[in-house]
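In case you want the letters, here they are:
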Amino acid sequence: GYIRTNLSRSAITGDGGQHGQMDATTARGSDPNDVAVQILELVAKGKADFVVAATVSAKAAIWLRFLAPGFLNKMLVKRYEKSLKQQG
């Protein structure tokens, strides 16, 4: 899933300018402190391999990646194209 960080704000655009804004998906992401606590708890339990997925859609995407990767890819492309249309 997404984690609410400033990465998209710090991103550089194709022409070298600063993106300067957080995209809506990232803004709805998990709180970084909550994710850090989850990771530290899992590591303290001796887990070496884990996935931190907060939302149902993130968990579904993880399963689809293994069970139906082509379907997941098509869904992600459609989502991306939809976001481009919404931007203008």
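One structure accompanies this document, and this report is about it. (Residues numbered from 1 in each chain as written. Predicted model: local features only at pLDDT ≥ 70, side-chain atom pairs only at ≥ 80, totals over all residues. Heavy atoms only, no water.)

Topic: the overall build of the protein
Phase 1: Across its full length, the protein carries five helices and zero strands.
Phase 2: N-terminal to C-terminal, the α/β element order of the protein is α-α-α-α-α.
Phase 3: For 88 residues, the compact-globule formula gives about 12 Å, and the C-alpha radius of gyration of the protein, at 16 Å, lies well above that figure.
Phase 4: C-alpha atoms of the protein, sized along the principal axes, occupy 45 × 30 × 20 Å.
Phase 5: Buried positions account for 9% of the 88 residues belonging to the protein.
Phase 6: Long-range pairs, those at least 24 residues apart, make up 31% of the contacts in the protein between residues at least 6 apart in sequence.
Phase 7: With the model as given, the accessible surface of the protein reaches about 7200 Å², and the carbon-plus-sulfur share is 57%.
Phase 8: For the protein, the distance from the average site of its 12 positive side-chain charges to the average site of its 7 negative ones is 9 Å. (Helix = DSSP H or I, 4+ residues; strand = E, 2+ residues; numbered from the N terminus. Rg over C-alpha atoms; globule rule 2.2 N^0.38 Å. Buried < 20%, exposed > 50% of the residue type's maximum accessible area, 1.4 Å probe, protein only. Contact = heavy atoms within 4.5 Å. Areas by Shrake-Rupley, 256 points an atom, 1.4 Å probe, with all protein chains shown as cover. Lys, Arg positive; Asp, Glu negative; His and termini not counted. Charge placed at Lys NZ, Arg CZ, Asp CG, Glu CD.)

Concerning the environment of Val77
Phase 1: Mapped onto the elements of the fold, Val77 is located in helix H5 (residues 69-87).
Phase 2: Note: C-alpha distance between Val77 and His19 (58 residues apart in sequence) is 22 Å.

Comments concerning the side chain of Thr26
Phase 1: Examined against the element boundaries, Thr26 turns out to sit in helix H2 (residues 24-27).
Phase 2: Residue Thr26 is classed as buried on the basis of its relative accessible area, which comes to 8%.
Phase 3: Not counting chain neighbours up to four residues away, the residues in contact with Thr26 comprise Tyr2, Ile3, Arg4 and Thr5.

A look at the packing of helix H4 (residues 56-67) against H5
Phase 1: The contact between H4 and H5 brings their axes to 6 Å, and the two run at 130°. Comparing their axes, H5 and H4 come out oblique. Of the residues in H5, those in contact with Ala61, Leu64, Arg65, Phe66 and Leu67 of H4 are Pro69, Phe71, Leu72 and Met75.
Phase 2: Among the residues forming the contact of H4 with H5, the class breakdown is eight nonpolar, no polar and one charged. (Axes fitted to C-alpha atoms, helices over the stretch in contact; angles between N-to-C directions. Parallel < 35°, antiparallel > 145°, perpendicular 65-115°, else oblique. Nonpolar A, V, L, I, M, F, W, Y, C, P; charged D, E, K, R; others polar.)

Observations regarding the pattern of salt bridges
Phase 1: Overall, the coordinates contain one salt bridge when judged by the stated rule.
Phase 2: Between Asp31 and Arg4 there is a salt bridge; the shortest N-O distance is 3.2 Å. Of this pair, Asp31 sits in the loop between H2 and helix H3 (32-44) while Arg4 sits in the segment before helix H1 (7-10); the two residues are 27 residues apart in sequence, bridging distant segments of the chain. (Salt bridge = Lys/Arg side-chain N within 4 Å of Asp/Glu carboxyl O.)

Spatial relationships are all this shows, so hold off on functional conclusions.
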